[in-house]
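Structure assessment
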Amino acid sequence: MRRLRACLGAAAAVGLAAAGATALVAGSASGATSALSNRWYAAAPYLMPLDNDPPDPAAIMDATGLKAFQLAFVLAPNGGGCSPTWGGTAAVSSDTAVQSIVNTIRAKGGDVSVSIGGYGGTKLGQVCSDAAATAAAYQQVITKYGLHAIDFDLEEPEYENTAAIKNEIGAAKILQQNNPGLYVSVTTAGTADGTGWFGKQMLLEAKSQGFTPNNFSIMPFDGGFNGAASQTGALTNFNQILQSTFGWDQATAYAHEGFSGMNGRSDTGEFFTQTDFQTVLDYATSHNMDRFTFWSLNRDRQCTPADNGGRTSGTCSSVAQSSWDFAKYSVKFAGATPPSSTPTPTPTPTPPSTGCKPAWSSTAVYTVGNEVSYNNHNWKAKWWTQNETPVASDWGVWQDEGAC
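Only a predicted model underlies this, so the values are computations on that prediction, with no experimental measurement involved.

**As for the sheet that holds strand β17 (residues 398-403)**
Strand order in the open sheet formed by 3 strands is β14-β15-β17, with antiparallel pairing between adjacent strands. Of all strands in the sheet, those with a lone pairing partner are β14 (371-374) and β17, marking the two edges. Across the sheet, the mean angle from the axis of one strand to that of its neighbour is 30°, orientation sign disregarded. Of the strand pairs in this sheet, strand β15 (residues 377-381) and β17 are connected by 4 bridges, and their pairing is antiparallel. Bridge pairing in β17 places W379 opposite D400.

Following this line, the structure appears as structure tokens:
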């Protein structure tokens, strides 16, 4: 889901030793490097390299031992056309800014994957004529950066478009065939049941095309989740969906399953602390899941005291933490040991007590940003509305801002 990122910026489970036995050997003047193990690409947290106050990846690597980064997001141009851009605005073909970041990471022995899609924006699958044209656009990204891994983040609103999803899945299959050893993940929305109707349709499209990525990952946040237990429950349910869709047994389904979380306060006011991440990490490793990642490194740092617990930010987590606390769980999933440091207390944050906004009225007209109170909670309008009762919903007009 990851609404915040849109508005603030545009295979089997294997042991670590064997996780990267097959690797793409890409040649590119842009600085291709030897592939890391697949386990590192599976552990790569998301990083927006051009938006949301990008942190220094070299500093993160030094502090945590992290080696892989999931750079986000490649989209179609805002003005139209079937060519890759960063965030809809910066053409991949002429990019030097992201390339410089990639070079910095590789110079320190790391590597990157690139994520296409995300929440909001126009995706290439929506505008390219067919799967082949979509794949050709993504191949430009692979060639430009000498990639060994790519992530298809298929969610709102694209995954409601049957033709677009057919193009994306078809493109993923073509790239997998044309780039031997390419690590391919497919990320989609999570629900308490595992994933919703559109996520299930995406899986059926993959089945119909005979496409099997390294993993299908869900994002169990922004959907009424509350801590790790709700997330592991969703992962268990998603495993059953994978079994029933593809005819896999439980172990095979887990070997093709991934988790993509959100650190700290989510877009809808849920909280996921370091303790929650450890619980989900234990679940993922004990079930031999293929992927463990999170959104995002831009948020993996302390907010100012006034902000902790009170808002969701694209540049900090709104929970008590030291910088890069959450990245260390990715390092652990990859099979490495983060440098030792003094533990940071991780109490579950309590949002500050705030006064109630003016009461919601069924006859009033509200526009984006208007705030009201209803049922002892404050709510903020995401767009124009009238006579829509404030309730917590992924797709609703009202954003819950907490108790008042």
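**Quick word on the environment of S230**
Of note, S230 is situated in helix α9 (residues 228-246). Considering only alpha carbons, one finds S230 and V280, 50 residues apart in sequence, at a separation of 10.0 Å. A distance of 2.7 Å separates a polar side-chain atom of S230 from the backbone oxygen of G227.

**Comments concerning the nonpolar core**
One finds F69, L71, F152, F216 and F292 to be the most contacted residues of the largest nonpolar core, which totals 93 residues. Per element, the largest residue contribution to this core is 7 residues, and it comes from α9. Sequence-distant contacts of F216, that is, excluding residues within four places in its chain, are made with V186, M202, L203, A206, F211, F238, L242, F246, W248, H256, E257 and G258. Listed in part, the 7 residues of the second largest apolar core include W360, Y366, W379 and A381.

**Re the pairing of strand β6 (residues 149-153)**
In summary, the side chains of a regular strand alternate between the two faces of the sheet. Counting buried positions along β6 gives 5 out of 5 residues, so the element sits mostly inside the fold. Strand direction decides the pairing type here: strand β5 (residues 111-117) and β6, joined by 4 bridges, are parallel. Bridging from a neighbouring strand, V114 pairs with I150 of β6. In terms of handedness, the path from β6 via helix α7 (residues 162-178) over to strand β7 (residues 183-189) forms a crossover that is right-handed.

**Concerning the confidence of the model for the chain**
Averaged over every residue, the pLDDT of the chain is 88; residues scoring 70 or more account for 86%. Segment residues 5-30 is flagged for pLDDT under 50; beyond a separation of four residues in sequence, or across chains, it makes 64 contacts in the model.

**Overview of the packing of aromatic side chains**
Here the distance between the centres and the angle between the planes together describe a pair of aromatic rings. A complete count under the given rule lists 20 aromatic pairs for this structure. Between F277 and F294, the aromatic rings sit 5.7 Å apart at their centres with planes inclined by 75°, giving edge-to-face as the arrangement. Of the two residues, F277 is situated in helix α11 (residues 274-286) and F294 in strand β12 (residues 291-295); the sequence distance between them amounts to 17 residues. Of the residues examined, F294 reaches a relative accessible area of 0% and is grouped as buried. Judged by centre distance (6.4 Å) and plane angle (55°), the ring pair of F294 and F326 falls under tilted. Taken as a pair, F294 in strand β12 and F326 in the loop between β12 and α12 (327-333) lie far apart in primary sequence, 32 residues in all. There is no split in this pair, since F294 and F326 are both buried. Each member of the aromatic cluster is reached from another via a ring pair, and the members are F259, F277, F292, F294, F326, Y329 and F333. We note R39 situated over the ring of F333; from NZ or CZ to the ring centre the distance is 3.8 Å.

**Some thoughts on the side chain of Q231**
Within the secondary structure, Q231 is located in helix α9. Not counting residues within four places of it along the chain, the set of residues in contact with Q231 comprises P220, F225, F259, F272 and V280.

Rules of the game
- Residues numbered from 1 in each chain as written.
- Predicted model: local features only at pLDDT ≥ 70, side-chain atom pairs only at ≥ 80, totals over all residues.
- Heavy atoms only, no water.
- Pairing = 2+ DSSP bridges.
- Helix = DSSP H or I, 4+ residues; strand = E, 2+ residues; numbered from the N terminus.
- Axes fitted to C-alpha atoms, helices over the stretch in contact; angles between N-to-C directions.
- Polar contact = N/O pair within 3.5 Å; in protein donor to acceptor, adjacent residues only side chain to side chain.
- Core = buried A, V, L, I, M, F, W, Y, C linked by side-chain atoms within 4.5 Å.
- Buried < 20%, exposed > 50% of the residue type's maximum accessible area, 1.4 Å probe, protein only.
- Contact = heavy atoms within 4.5 Å.
- Right-handed = clockwise from strand over helix to strand, strands pointing away.
- pLDDT = per-residue confidence, 0-100.
- Phe/Tyr/Trp six-rings, centres within 6.5 Å; stacked < 30°, edge-to-face > 60°.
- Lys NZ or Arg CZ within 6 Å of the ring centre and 35° of its normal.

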